[in-house]
Amino acid sequence: MSTQRSLVLVKPDGFSRGLTGEVLRRIEAKGYRLVALQILTPSREMLGLHYAEHEGKPFFEPLVDFMASGPVTAILIEGERCIEGFRSLAGATDPTTAAPGTIRGDLGRDWGHSVTQNVVHGSDSAESAEREIEIWFPEL
Ligand code: IDP
Ligand code: MG
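Everything quoted here is computed from the prediction, not taken from an experiment.

**Q** I tried to follow the site of ligand 1 on my own but got confused; where do I start?
**A** Within the structure, ligand 1 sits among K11, Y51, H54, F59, L63, R87, T93, R104, S114, V115, T116 and N118. Between ligand 1 and K11, the relevant distance is 2.9 Å, taken from an oxygen atom to a side-chain nitrogen or oxygen of the residue. A distance of 3.1 Å is found between an oxygen atom of ligand 1 and a side-chain nitrogen or oxygen belonging to R104. In isolation ligand 1 has 520 Å² of accessible area, and contact with the protein removes 79% of it. Taken atom by atom, the bulk of ligand 1 overlaps the largest pocket.

**Q** How do you make sense of the side chain of N118 when you look at a structure like this?
**A** With respect to the element layout, N118 can be found in the loop between α6 (103-107) and β4 (120-122). Judged by its relative accessible area of 2%, N118 falls in the buried class. A polar contact is formed between the side chain of N118 and the side chain of K11, at a distance of 2.8 Å. With sequence-adjacent residues up to four places away left out, N118 is seen in contact with K11, D13, T93, P95 and R104.

**Q** I'm lost on the sheet that holds strand β1 (residues 3-10) in this one. Help?
**A** In a beta sheet, neighbouring strands pair by backbone hydrogen bonds and run either parallel or antiparallel. Strand order in the open sheet formed by four strands is β2-β3-β1-β4, with antiparallel pairing between adjacent strands. Only two strands of the sheet have a single neighbouring strand rather than two, namely β2 (33-40) and β4. Within this sheet the neighbouring strands show an average axis-to-axis angle of 20 degrees, counted without direction. In terms of strand pairing, β1 meets strand β3 (residues 72-80) through eight bridges, oriented antiparallel. Directly across from R5, in β3, lies its bridge partner E78. Contacting β1, β2, β3 and β4, helix α7 (residues 126-136) crosses the sheet at an angle of about 55 degrees to β1.

Thresholds applied
- Residues numbered from 1 in each chain as written.
- Chains lettered and ligands numbered in written order.
- Predicted model: local features only at pLDDT ≥ 70, side-chain atom pairs only at ≥ 80, totals over all residues.
- Heavy atoms only, no water.
- Near = heavy atom within 4 Å.
- Polar contact = N/O pair within 3.5 Å; in protein donor to acceptor, adjacent residues only side chain to side chain.
- Areas by Shrake-Rupley, 256 points an atom, 1.4 Å probe, with all protein chains shown as cover.
- 1 Å grid on protein atoms, 1.4 Å probe; cavity = no way out; pocket = protein on both sides within 12 Å on 5 of 7 lines; lining within 4 Å.
- Sits in = over half its atoms within 2 Å of the grid points.
- Helix = DSSP H or I, 4+ residues; strand = E, 2+ residues; numbered from the N terminus.
- Buried < 20%, exposed > 50% of the residue type's maximum accessible area, 1.4 Å probe, protein only.
- Contact = heavy atoms within 4.5 Å.
- Pairing = 2+ DSSP bridges.
- Axes fitted to C-alpha atoms, helices over the stretch in contact; angles between N-to-C directions.

Rendered as structure tokens:
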């Protein structure tokens, strides 16, 4: 058994395009459980913690600007190997080359925003998931 929890975000592009339901549908169809869900506009401080590994990279500031630009849906999911499984559902980082059938491949668009606006975030390891859940759902 390796039941895991993962932190999923529907980013501001996905939220504003009304794609939260579609992302939730895919998570539930896969068999993962929804543990908690919250709509919020994240502070730059939260985003600095969330994306700490990318601080100093050229895309860091535009990424934080984008992520703070409006509401996101934060979702805590649970299921067997759901960290790896949701990354697989999400697809590759670049929505232009993400495989069809994935969230980013089916729904992500190249709006001239490079790779930044790619609909969803998903934790990439058990350590990241634990760290990120503490940021987005400190009570859980
Ligand atoms: P991931 O979300 O697939 O794990 P990461 O490499 O962890 O991808 O990057 C975090 C986020 O930063 C991406 O989802 C995307 O929004 C943005 N990003 C990553 N690489 C680039 C880039 O080269 N240009 C612009 N934005 C990027
Ligand atoms: Mg990442």
